[in-house]
Structure formats: structure tokens, C-alpha cells
Amino acid sequence: MRRLTIGTILALQCAQPTSAAAPSAAKPSMPVSTFSIVARDPATGDLGVAVQSHWFSVGSVVPWAEAGVGAVATQSFVEPSYGPKGLALMKQGVAPQEALAQLLAADGQQQVRQVAFVDGKGRVAVHTGAKCIPGASHHVGNGYTTEANLMLTNEVPDAMAKAFEAAKGPLAERMLAALDAAQGVGGDVRGKQSAAILVVRAKATEKPWTDRIVDLRIEDHAEPLKEMRRLLTLHRAYEMMNRGDEAVALAKMDDALKEYGGAAAMVPDNDEFVFWTAVALVSNGRADDALPLFAKAFRMNPSWMLLVPRLPAVGQLPETPGLVSRILAVGPKADPAAK
């Protein structure tokens, strides 16, 4: 992708001193011009960032978040260190406005930065440098900010804010609605390429690997927001499958089947969901109910038939004599309609 030339922009800037603690002493060289939202969910306390850009793998540089601490979006001529440094300051109890001010004061290139913070209390701070490429602006809301640069129009931040406030549901879906609204009023003047959504818990747990509730990235796609919505739907379906598995472990099969059924309804072409629902039924003494699901899974993907004989030895199916043969008998080869 062709990089934007920033020499003219930097030449027009007033010289500023750069301290040893500066986020960047060198000239900025990554024009991740984009639109984003940072937000705290007032109902759950969850914290998140969502972003789209005409730049490869925007999710690897713009969004940062830590459970119980805050979220950061760092963009325009991006300086990634605003992410970890901003989170570190907020974790120490520094308010977002002060944390952002400290980092900007140490940044000799602050005029080309666009940065937004939100903390666990819903306090926000945002900066759009005077040398960010137009249209560049931001909107400050209650517990969230929207920000954009290099846009087709100046409408993007306000359109995102309006959509976010009107949207219902979990934080990730509401932030995605904001991104859709941004694209709806023109979005990035260059087009579309990548997107990301990151949501973390309101409070850190003793299992940090569970503290990221949503962590999805579209690295390079002609329609990144449409692809993001597909992946977010799939993510929610897998959450339901996981809750179903937890219910099975507690011998609550009715609850498990409700979750499994919900997942299958969300993603009806997912043979994985069909197969493992059938396995759960057999493992709980409901083989007759499972056989039609096995048949459906085998039709969708015959490779599941290779897996069935391996499951009894590892405790995933009962070692009941004749059970494996009974299950395999409903496969495509036993189906006259498949001949």
C-alpha cells in the first residue's frame, strides 16, 4: 500500500522539545488514518475499542485494553506506545485526561496524533492533533469517545456517536453499529481494508486468559465490517456452545440443548455444532435423539465419520458394544438417497 508523504506536514510544524520519555522521538511513519470508538458499557462496566481503516492489520496497532483498567485507541500518524503507556498510567489511578496530557507533553509529534482514552470509571479523554489529515475530529460522549481522521466528510464522529447511543445489546455490537454508521456517511476517503473489536471485562480475574471477552480482527478484506459482523455472530454462537458444554458437565441437559439449539440457529451451516450436540446427547443416554443429528453432520461433512470410532477410547462416547456401528450406519453410505 502506498504510504502518505508527511514531510510537508512536519515541515510546517513548530519545533518542539522531545524528552527521553517521549512516545516517539523520530518522525512518525505509520499513517494509520481511520475511525474508532473507545467506550465503557454502563450496564456491565466492560471496556472496549472498535476500529476500521484503509490500512493492513489495524487491530495490531490501534486498539489497546486491559480488564478493570481502561481502553485506548491510538491512530492517525500512529504511535503505538500510547496504548501500553496510557493503560499503565490509568492502572496507577491517573485520570485519563491527565494520563493523556502527560504523554502528549512528552511527544514531539503530538500535532499528528489522534488518541482516545476511557477508564474503568467511564472517564474519557481524546486528542486530535492540529496536523491530522482532514477530515479529522472527535466527539466526546458519556463514557465514550468517537474519533476519525482522513475521512470523506466531517460527519463521521457525530454519526458514530448517534448510532452508538441508539444501539442495543452488548458493547461489541453497539460499537460495531458505530463503525457501520461511520461507513454509512463515507468513512475513510481511501476506502476499506481492516477492522478490529476488542472488549475486556469490567474487573480483572485470576484467569487473565478469560478477561478478553471479544478479540476479533479482520486483517485484509474488501468488506471488513460485513466480515466483522459475520465473525461476531460466530463468536456469540460459540459462546452459546461453551455454555451448553458447561450445562452438560452439570447434568443439565435441557439447559445444554437450549444453548446448543441457539448456537445452531445462529449459524445453521456449522457442522461442528451439529456433531458435538449429537455426541452430548449420546453421552447422556439419548442415542435415539442423537442419530438424526449424526446423520445431518455426516451429510454436511463426511469426515466426522472418521472421528466417531476414536471417541470411546478417550471418554467422549460411551464404550457401549455396537454403538459406533449404529452411529456410522446413519452416514451417507447407508442413505439410499445419497446413492
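Use the structure listed above.
A quick note: this is a predicted structure, and the numbers were derived from the prediction, not measured.

1. Brief notes about the packing of aromatic side chains
A full pass over the atoms with the stated rule returns 7 aromatic pairs. A ring pair is formed by Tyr 144 and Phe 164, whose centres lie 4.9 Å apart and whose planes are at 55°; its orientation type is tilted. One end of the pair, Tyr 144, is in strand 9 (residues 144–148); the other, Phe 164, is in helix 4 (residues 156–166), and 20 residues separate them in sequence. Overall, the relative accessible area of 3% leaves Phe 164 in the buried class. Seen in terms of ring centroids, Tyr 238 and Phe 273 are 4.8 Å apart; in terms of plane orientation they differ by 70°. Their pairing is edge-to-face. Taken together, the residues Tyr 238 in helix 6 (residues 224–249) and Phe 273 in helix 8 (residues 271–283) connect sequence positions 35 residues apart. You can call Phe 273 buried: its relative accessible area is 1%. An aromatic cluster of three or more residues is present, and its members are Phe 275, Trp 276, Phe 294, Phe 298 and Trp 304. Of note, Arg 174 hangs over the ring of Phe 164, and the distance from its end group to the ring centre comes to 4.1 Å.

2. Re the sheet that holds strand 3 (residues 47–53)
In spatial order, the strands read 8-9-2-3-10-11; together these 6 strands make up an open sheet with antiparallel pairing. Both outer strands of the open sheet, strand 8 (137–141) and strand 11 (212–218), are each paired with one neighbouring strand and no more. Strand after strand, the sheet turns through a mean of 5° between neighbouring axes, direction not considered. As paired elements, strand 2 (residues 34–40) and strand 9 share 5 bridges and run antiparallel to each other. Within strand 9, the residue paired with Phe 35 across the bridge is Ala 148. Strands strand 2, strand 3, strand 10 (194–200) and strand 11 of the sheet are contacted by helix 5 (residues 171–184), whose axis makes an angle of about 25° with strand 3.

Parameters at a glance
- Residues numbered from 1 in each chain as written.
- Predicted model: local features only at pLDDT ≥ 70, side-chain atom pairs only at ≥ 80, totals over all residues.
- Heavy atoms only, no water.
- Phe/Tyr/Trp six-rings, centres within 6.5 Å; stacked < 30°, edge-to-face > 60°.
- Helix = DSSP H or I, 4+ residues; strand = E, 2+ residues; numbered from the N terminus.
- Buried < 20%, exposed > 50% of the residue type's maximum accessible area, 1.4 Å probe, protein only.
- Lys NZ or Arg CZ within 6 Å of the ring centre and 35° of its normal.
- Pairing = 2+ DSSP bridges.
- Axes fitted to C-alpha atoms, helices over the stretch in contact; angles between N-to-C directions.
- Contact = heavy atoms within 4.5 Å.

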